[in-house]
Amino acid sequence: MNSTKDTPFTFAVNVAQATLEQYDNHITRTLSSMKGQYLDAATYEAMLPEEDRLLYEVYEIRRPETAGELLHGLSVVHPGKVGSEYFMTKGHFHTVLETAEVYYCLKGQGCMVMETPEGDWAVEELRPGRVLYVPPRWAHRSVNTGADEDLVTFFVYPGHSGHDYGTIEQQGFRKLVVEENGQPKIVDNPRWRGPESR
Ligand code: PAN
Ligand code: ZN
């Protein structure tokens, strides 16, 4: 696989199926890893004992986690909701805040929820063929708003970025994406616990 390669390499993305021909690491995240993240805590607690549902998966091409490298792979968020809130990734700031990321959407319907430590927020649509540029300093979480299709994105970010999950686990995102009358809607997160609300 790629981990020991220091010569150029290629691999195929199966565009029709939105899968990678090869990868080094497969991460799976289930409902139990999202404790405290969904607004409807009662529905979350009721769903857990029924089944620890698979919410999303990440397929990584392994590269050294150093500044000159680019980490890349595929993110797959499955369709579904907890209450009215769509399945989503945990979301994170990069530990090195001044690092950006590019996402290219291959399949599905969804959006990226983003915010900065300074209080800016943004939600951008993800659909096949769209590229999203996440600038340095912006925390990011992908949300699958499709009814029955995976949301698949190809991502690339600097090797030394690191992932700070703790900040989002503690304070959440300022905005949530929920279904209202069959449509996705951006709403304030009443449980957001950022520095300004404490
Ligand atoms: C992506 C994400 C991936 C899964 O590769 O890591 O979509 O989301 P979480 O990391 O929030 O669980 C990325 O943004 N890397 O930096
Ligand atoms: Zn990231």
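Higher on the page you've got the structure.
Residues numbered from 1 in each chain as written. Chains lettered and ligands numbered in written order. Predicted model: local features only at pLDDT ≥ 70, side-chain atom pairs only at ≥ 80, totals over all residues. Heavy atoms only, no water.

Caption draft 1: Highlighting the site of ligand 1. Of all residues adjacent to ligand 1, which total 15 residues, the nearest are Y56, G91, Y103, H163 and Y165. Side-chain polar atom of Y56 to an oxygen atom of ligand 1: 2.5 Å apart, as the coordinates give it. For ligand 1, the protein covers 96% of the area, taking 390 Å² as the surface of the free molecule. When residues of the shell around ligand 1 are traced back to their parent elements, those giving at least two are β4 (54-61), β8 (101-107) and β13 (151-158). Partitioning the shell around ligand 1 into residue classes produces 6 nonpolar, 7 polar and 2 charged. (Near = heavy atom within 4 Å. Polar contact = N/O pair within 3.5 Å; in protein donor to acceptor, adjacent residues only side chain to side chain. Areas by Shrake-Rupley, 256 points an atom, 1.4 Å probe, with all protein chains shown as cover. Helix = DSSP H or I, 4+ residues; strand = E, 2+ residues; numbered from the N terminus. Nonpolar A, V, L, I, M, F, W, Y, C, P; charged D, E, K, R; others polar.)

Caption draft 2: Focus on the packing of aromatic side chains. Scanning all chains against the criterion turns up 5 aromatic pairs. Between F9 and F11, the aromatic rings sit 6.4 Å apart at their centres with planes inclined by 20 degrees, giving stacked as the arrangement. Note on Y38 and Y44: the rings are 6.4 Å apart at their centroids and 25 degrees apart in plane angle, and the pair reads as stacked. For Y38, a relative accessible area of 1% translates into the label buried. Ring pairing ties together the aromatic residues Y103, F155 and Y157, which thus form one cluster. (Phe/Tyr/Trp six-rings, centres within 6.5 Å; stacked < 30°, edge-to-face > 60°. Buried < 20%, exposed > 50% of the residue type's maximum accessible area, 1.4 Å probe, protein only.)

Caption draft 3: Geometry of the nonpolar core. Ranked by size, the top nonpolar core spans 34 residues in total, and within it Y38, L55, V82, M114, L132 and V143 carry the most contacts. Counting residues per element, this core draws most heavily on strand β9 (residues 110-115), which supplies 4 residues. Leaving out residues up to four positions away in the same chain, V143 has contacts with Y86, F87, M88, Q109, G110, C111, V113, L151 and V177. Formed by 9 residues, the second largest nonpolar core is a distinct cluster that contains A18, Y59, I61 and V152. (Core = buried A, V, L, I, M, F, W, Y, C linked by side-chain atoms within 4.5 Å. Contact = heavy atoms within 4.5 Å.)

Caption draft 4: The layout of surface pockets, seen in detail. Taken as a whole, the largest pocket encloses approximately 520 Å³ of empty space. What lines the largest pocket is a set of 30 residues, among which V58, E60, Y157, H163 and Y165 lie closest to the centre. For the lining of the largest pocket, the elements supplying multiple residues, two or more each, are β3 (25-30), β4, β5 (70-77), β8, β12 (139-144) and β13. Per-element accounting of the lining of the largest pocket gives the leading share, 4 residues, to β4. Split by residue class, the lining of the largest pocket holds 9 nonpolar, 13 polar and 8 charged. (1 Å grid on protein atoms, 1.4 Å probe; cavity = no way out; pocket = protein on both sides within 12 Å on 5 of 7 lines; lining within 4 Å. Points joined across faces, edges and corners; volume = space filled by probe spheres on them.)

Caption draft 5: Highlighting the sheet that holds β13. Ordered in space as β3-β4-β5-β13-β8-β11, the 6 strands form an open sheet in which the pairing is antiparallel. Each having just a single partner strand, β3 and β11 (131-134) make up the two edges of the open sheet. Between one strand axis and the next, the sheet turns by 20 degrees as a mean value, whatever way the strands run. (Pairing = 2+ DSSP bridges. Axes fitted to C-alpha atoms, helices over the stretch in contact; angles between N-to-C directions.)

Caption draft 6: Structural detail: the side chain of D24. Within the secondary structure, D24 sits in the loop between β2 (19-20) and β3. Buried D24, no salt bridge; nearest opposite-charge side chain is R62, N-O distance 5.1 Å. A polar contact is formed between the side chain of D24 and the backbone nitrogen of R62, at a distance of 2.6 Å. (Lys, Arg positive; Asp, Glu negative; His and termini not counted. Salt bridge = Lys/Arg side-chain N within 4 Å of Asp/Glu carboxyl O.)

Any functional reading would require information beyond the geometric quantities listed.
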